[in-house]
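Listed here are the chains, written in short residue letters.
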Amino acid sequence: MEDLLDRFHAANTQVLGVSIDSIYCHANWAMSLGGISFPLLSDFNPKGAVADSFGLYLDEAGIDDRATVIVDANGVVRHVSSVTPSGKRDIAELAGLCEKVNEAHESTLRSFPDPPGLEDDTVLFVRSNCMFSTNAAAALNNLHIDTVPVRNVTDDEAALDELVAVSGKAQAPCLVVGNKARHEAADIITYLAGRVSEL
Amino acid sequence: MINVGEAAPGFTLQDQFSRKISLDQFEGRRHVMLLFYPLDFTPT
């Protein structure tokens, strides 16, 4: 899927995954696949409500069907198909369908503004055996960011000194940009996503 | 199952980066392909 994202991008199509898993489960799963940069949405409050609104929630099993819906830029459903939960999607075929949908609309689409990108002096401080640190570092991976150094303060005293000097405390994770420090993993992750992704 | 030609129901959900994502933020800008799937750790 990640390999074909360029093709969907060229067809002006945003890919969104949807399941009933939590955002934390999504982040871990994405990391296990080597990074998923497209959004994985959590449809769990109430469970499966969005899938249900598309008629794609399987009540008895308590899960979403493995199904694909293509919605054009006017909000109209242009394709819907299910391969059943145990089936496999043909992503290349779906890319072809998106290209067809796009042919009818391309000239009228407005673009998103380009994301601002990351500052050169962005550094992520982490700690070993810390779930929040793991989550923050996983976001770098999932967003395919390889320009931000990750410093582990657990076994690097120089890194720890630097962290305290810049943020005033030894708390990690901490994302430092210039002289601004962010300590909450959720803030760090949302900040990173906002800098590199156009959404 | 929803039918081709119907208006897609709107939604706002959180993604793995804690961002709130709504269908209507793509209106006029992008088509959207929704990949519904049973559970994480299965193929998309």
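If you're wondering where the values come from, they're calculated on a predicted model, not measured in any experiment.

Calculation rules
Residues numbered from 1 in each chain as written. Chains lettered and ligands numbered in written order. Predicted model: local features only at pLDDT ≥ 70, side-chain atom pairs only at ≥ 80, totals over all residues. Helix = DSSP H or I, 4+ residues; strand = E, 2+ residues; numbered from the N terminus. Buried ≥ 20, exposed ≤ 12 C-beta atoms within 10 Å, placed from the backbone. Domains from an automatic or database assignment. Contact = placed C-beta atoms within 7 Å. Nonpolar A, V, L, I, M, F, W, Y, C, P; charged D, E, K, R; others polar.

With that out of the way, let us pick up the overall build of chain B. Helix and strand content of chain B: 0 helices and 3 strands. Taken over 44 residues, chain B has a buried fraction of 36%.

We now examine the domain arrangement of chain A. All names here are of chain A. Each domain of chain A was delimited in the assignment, giving domain 1 (2-108) and domain 2 (122-196). Averaged C-alpha coordinates put domain 1 and domain 2 at centres separated by 31 Å. Taken together, the contact between domain 1 and domain 2 spans 6 residues of the former and 6 residues of the latter. Residues belonging to the side of domain 1 that touches domain 2 are distributed by class as follows: 4 nonpolar, 2 polar and no charged.

A separate point is the environment of Gln14(B). One can find Gln14(B) in strand β1 (residues 12-14). Assessed through the 19 C-beta atoms surrounding it within 10 Å, Gln14(B) is described here as partly exposed.

A few words now on the interface of chain B and chain A. Taken together, the 37 residues of chain B in the interface contact 63 residues of chain A. Here the side of chain B that touches chain A takes 6 residues from strand β3 (residues 31-36) of chain B, the largest share from any one element.

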